[in-house]
Amino acid sequence: MNKRLGAVAAALLALAASGCGASSTQTGGGTAAASSTESAVPATSSAAAEVKMGTTADAIAAGWLAGNAKPTFPAGGAGKVDVVASAPIKVDMIGSVTLPVAVRNGTDGPITSVEVTGAAMDAAGKILASGRSQGFSPAVVPAGGISLGYVYIDAKLPTTAKLEFTVASKPLEGDPYFQDLKVNQANAVGTAITGKATNTSKNKLNGPYGVHVTCFDAKGKLLGSQTGYASPDADLAAGQSVTFQVDFYDEPCPTFLVGVSGYGPL
């Protein structure tokens, strides 16, 4: 029930941040899907070809993600923002689906306000349910970069359902609405992920500070996702830190990556 309440709260926050970026749709299988979407600022073919496809190792080196997972993801489409991977459909104990996804920014500039909508369909194309993402880490995605999130669908889906993703984003202009913190620590302690994150920007940040943990299997495939909040949730000056603990209880999490973000200047 805590996940559902957290998802609702995050959805409301995402609504506040969402813009009018262009989007398109793609249909994939129920066990994994790759999404092709137009970016908010279409890139020319020559510019898109020059974009270096980054890795999660790049985000870890920058401090925007931390953990012990080393997944690799497809390049995605040039000049587009794509869902390049998704986890298998798994219905939880309350009859809903939290579907981890990885998004690739194939445009030639940084983006923010990434939002993914997922529609689940049967073999005949009938829409069984629809859901939306609850935020991504990193919140600011450089050209060629990867960001991790999940689509929450409040329905008991069959594992054979087909998934159609719609991706929207905005080009970064000025200070981002969602600001990433540098993750200094990310530790597996029992069934929990604990850690610390620091405001390395020049701006004072505002809480709450969302913590997004993505789990992978031993082969680096998307497995599960959980969210929580860091504390304290007071204003955070440059150089100040927060700590967090996100518990997975009985959910498996062999390897993981974690990101933390708050709100930039309002």
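Everything numeric here is computed off the predicted structure, so don't read it as measured data.

How each quantity is defined
Residues take numbers from 1 onward in each chain, read along the sequence in its written order. Owing to the predicted nature of the model, reporting of local features is limited to residues with pLDDT of at least 70; listing and counting of side-chain atom pairs is limited to 80 or more, with chain, interface and lining totals taken over all residues. Heavy atoms from the whole structure form the basis of all side-chain values; hydrogens and water molecules are not counted. What counts as a helix is a DSSP run of H or I of at least four residues, what counts as a strand is a run of E of at least two, and both are numbered from the N terminus. The term polar contact refers here to a pair of N or O atoms within 3.5 Å; inside protein, the definition further demands a hydrogen-donor-capable atom paired with an acceptor-capable atom, and it admits residues adjacent in sequence only when both atoms are side-chain atoms. Whenever a carboxyl oxygen of Asp or Glu lies within 4 Å of a side-chain nitrogen of Lys or Arg, that contact is scored as a salt bridge. Accessibility here uses a 1.4 Å probe with only protein chains present; expressed as a share of the type maximum, an area under 20% marks a residue as buried, one over 50% as exposed, and anything in between as partly exposed. Only the six-membered ring of Trp is used, alongside the rings of Phe and Tyr, when aromatic pairs are assigned; centres must lie within 6.5 Å, and planes under 30 degrees apart are stacked while those over 60 apart are edge-to-face, with the rest tilted. Two cysteine sulfur atoms make up a disulfide if the distance between them is within 2.5 Å.

Caption draft 1: View of the side chain of Asn 206. With respect to the helices, strands and loops of the structure, Asn 206 is situated in strand 11 (residues 206-216). A polar atom in the side chain of Asn 206 sits 3.1 Å from the backbone oxygen of Gly 264.

Caption draft 2: Highlighting the pattern of salt bridges. Considering all chains together, one arrives at four salt bridges under this definition. The residue Glu 251 makes a salt bridge to Lys 90 at a minimum N-O spacing of 3.3 Å. Of this pair, Glu 251 sits in the loop between strand 13 (241-247) and strand 14 (255-263) while Lys 90 sits in the loop between strand 3 (81-86) and strand 4 (97-105), placing them 161 residues apart in sequence. Assessed through its relative accessible area of 40%, Glu 251 is described here as partly exposed. Salt-bridge contacts for Asp 235 lead to Lys 204; the nearest nitrogen and oxygen are separated by 3.5 Å. Highlighted residues: Asp 235 in the loop between strand 12 (222-230) and strand 13 and Lys 204 in the loop between strand 10 (192-198) and strand 11, separated in sequence by 31 residues. Overall, the relative accessible area of 42% leaves Asp 235 in the partly exposed class.

Caption draft 3: Inspection of the side chain of Gln 134 at higher detail. Inspection of the secondary structure assignment puts Gln 134 in strand 6 (residues 127-137). The exposure class of Gln 134 is buried, given its relative accessible area of 10%. There is a polar contact of 2.9 Å between the side chain of Gln 134 and the backbone oxygen of Arg 132.

Caption draft 4: View of the packing of aromatic side chains. With the rule as written, the count across this model stands at three aromatic pairs. Ring geometry for Tyr 177 and Tyr 263: centres 5.5 Å apart, planes at 85°, overall edge-to-face. Here the residue Tyr 177 occupies a position in the loop between strand 8 (162-171) and strand 9 (178-189), and Tyr 263 occupies one in strand 14, the gap between them amounting to 86 residues. Given the relative accessible area of 33%, Tyr 177 is considered partly exposed. Seen in terms of ring centroids, Phe 178 and Tyr 263 are 5.2 Å apart; in terms of plane orientation they differ by 40°. Their pairing is tilted. One end of the pair, Phe 178, is in strand 9; the other, Tyr 263, is in strand 14, and 85 residues separate them in sequence. The pair formed by Phe 178 and Tyr 263 is uniform in burial state, with each residue classed as buried. The rings of Tyr 177, Phe 178 and Tyr 263 are connected pair by pair, giving a single aromatic cluster.

Caption draft 5: Seen up close, the state of the cysteines. Counted by the stated rule, this structure contains one disulfide. Each disulfide pairs two cysteine sulfurs, and for Cys 215 the partner residue is Cys 253, the sulfurs being separated by 1.9 Å. The chirality of the disulfide connecting Cys 215 with Cys 253 is left-handed, given an S-S dihedral of about -95°. In this pair, Cys 215 sits in strand 11 while Cys 253 sits in the loop between strand 13 and strand 14, placing the two residues 38 residues apart along the sequence. Cys 215 gets classed as buried once you look at its relative accessible area, which sits at 0%.

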